[in-house]
Amino acid sequence: MTITHHPDEETLLAFASGSLDEPRSVVVAAHVALCPCCRATVAAFEQFGGALVERAPPAAARAGSLDETLARLDEAAPPAPALHQPEPDCPGVLAPYEVGRWRWIGPGVHWRKVEVPESEGTRVFMLKAAPGSSLPHHGHSGVEWTCVLQGAFRHDLGRYGPGDFDAADDTVDHTPLVEEGDICICLVAMQGDLELRGWLGRLLQPFVRL
Ligand SMILES: [Zn+2]
C-alpha cells in the first residue's frame, strides 16, 4: 500500500491530544491504522504530551488535570472494546459504532450511516462506488474528510488510493471519478449539507439528505 496523501501535522496533533471532534477523529484513526508514518507521528505527539504533563509544576496543575489529560489520550487511542462485530468491509476503528445497511443513492453508488455522535453538524458515513462510476458533482457547506479503504478515485487534486486521506473544504467543488478495476469504499466525515449539482444531483438530493 503506497499512501501519498496524509493529514497535516496540526490535524495529527489535535488527534493525539484528543481535541479533535469524534466524527473527524474516526476518519483520522482509519488513516493512522493504515499509515505507519502517521502512526509514528501520533505516538511521538502522545509521548511529548505525556512528558509535558509529568514536568508541569504541581502548583500549575489543576486538581484532576492529569486524569483529564490521560482520559483524553485514552480517547484518542484506537478503540479497544468491540461492541459491534465489524463487517468484513468495515475498518476496525468502526468496531465501537453501529453501522447501517448499504443503501442505493445513485448509479453504482451506495451509502451507509455510521452511528458516531454528530458534532457541530459533522456526520460519518461510508460510500461504496462501482469501478468507473463518478460520484455526483457536488459541493459542500463545510469540511469533508475522507479515508480511502479500498479501490481508488481521482479528482482535480490527484489520485486517492487505499489509506489516502483527503481533506476538502467548502472551497472544493468536485466530481470524484472512481478508477476502473476495483470497487471504491471510503469512510467520510462531512460537515453541513452535501449540495448536489446538475439534474442527477437534484434527483439524488432527497436520498442523500437521509
Ligand atoms: Zn499518513
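Each chain has its residues counted from 1, running along the sequence as written. For a predicted model such as this one, the threshold for reporting local features is a pLDDT of at least 70, and the threshold for listing and counting side-chain atom pairs is 80 or more; totals across whole chains, interfaces and linings nevertheless cover every residue. Excluded from the side-chain calculation are hydrogens and water; included are all heavy atoms of the structure.

1. Some words on the packing of helix α1 (residues 9-17) against helix α2 (residues 22-34)
- Relative orientation of the contacting elements α1 and α2 amounts to 105 degrees, with a least axis distance of 11 Å. By the angle class used here, α1 and α2 are roughly perpendicular. Residues T11, L12 and F15 of α1 lie in contact with α2, whose contacting residues are S25, V28, A29 and V32. Think of each axis as a best-fit line through the C-alpha atoms, taken over the contacting stretch in the case of a helix, with angles from 0 to 180 degrees between the N-to-C directions. Only DSSP runs of H or I reaching four residues or more are called helices, and only runs of E reaching two or more are called strands; each is numbered from the N terminus. The labels follow the angle: roughly parallel below 35 degrees, roughly antiparallel above 145, roughly perpendicular from 65 to 115, and oblique for the rest. In this description, contact between two residues means that some pair of their heavy atoms is separated by no more than 4.5 Å.

2. A closer look at unusual backbone geometry
- Positive phi values are uncommon outside glycine, yet E120 reaches one of about 45 degrees.
- For E120, a relative accessible area of 68% corresponds to the exposed category. Each residue is placed in one exposure class: buried if its accessible area under a 1.4 Å probe, protein chains only, is under 20% of its type's maximum, exposed if it is over 50%, and partly exposed if it falls in between.

3. Points about the pairing of strand β1 (residues 103-106)
- Two strands are said to pair when DSSP picks up at least two bridges between them. In terms of strand pairing, β1 meets strand β2 (residues 109-119) through three bridges, oriented antiparallel. From the neighbouring strand, R103 faces β2, where its bridge partner is W111.
- Between β1 and the antiparallel strand that follows it, β2, lie two residues; G108 among them carries a positive phi value of about 75 degrees.

4. A closer look at the coordination of the zinc ion
- Every protein donor of the zinc ion is accounted for by H6 (ND1), H31 (NE2), C35 (SG) and C38 (SG), and the metal-donor separations fall at 2.1 to 2.3 Å.
- Water is not part of the atom set, so a site may look incomplete; the donors themselves are N, O and S atoms within 2.8 Å of the metal, or 3.2 Å for Na, K and Ca. Every geometry call rests on angle ranges, with four donors termed tetrahedral when all angles are between 85 and 135 degrees, four termed square planar and six termed octahedral when opposite donors are over 155 degrees apart and all others are between 65 and 115, and everything else termed irregular. Metal-centred angles of 101 to 114 degrees between the four donor atoms at the zinc ion mark the site as tetrahedral.
- Mapping the donors of the zinc ion onto the primary sequence yields the spacing H-x24-H-x3-C-x2-C. Considered together, H31 and C38 belong to a single accessibility category, that of buried residues.

5. Some details on the pattern of salt bridges
- Only one rule defines a salt bridge in this text: a Lys or Arg side-chain nitrogen within 4 Å of an Asp or Glu carboxyl oxygen. In total, this model carries three salt bridges according to the counting rule given.
- Linking D21 and R24 is a salt bridge whose minimum nitrogen-to-oxygen distance equals 2.9 Å.
- Here D21 falls in the buried class, since its relative accessible area comes to 14%.
- Each of R154, R159 and E179 takes part in a single network of salt bridges with overlapping partners.

6. Notes on the state of the cysteines
- To count as a disulfide, a pair of cysteine sulfur atoms needs to be within 2.5 Å. A complete count under the given rule lists zero disulfides for this structure.
- C186 supplies the cysteine sulfur nearest to C184, a cysteine that is in no disulfide, at a spacing of 3.8 Å.
- Looking at C184, the relative accessible area reads 2%, which means it is buried.

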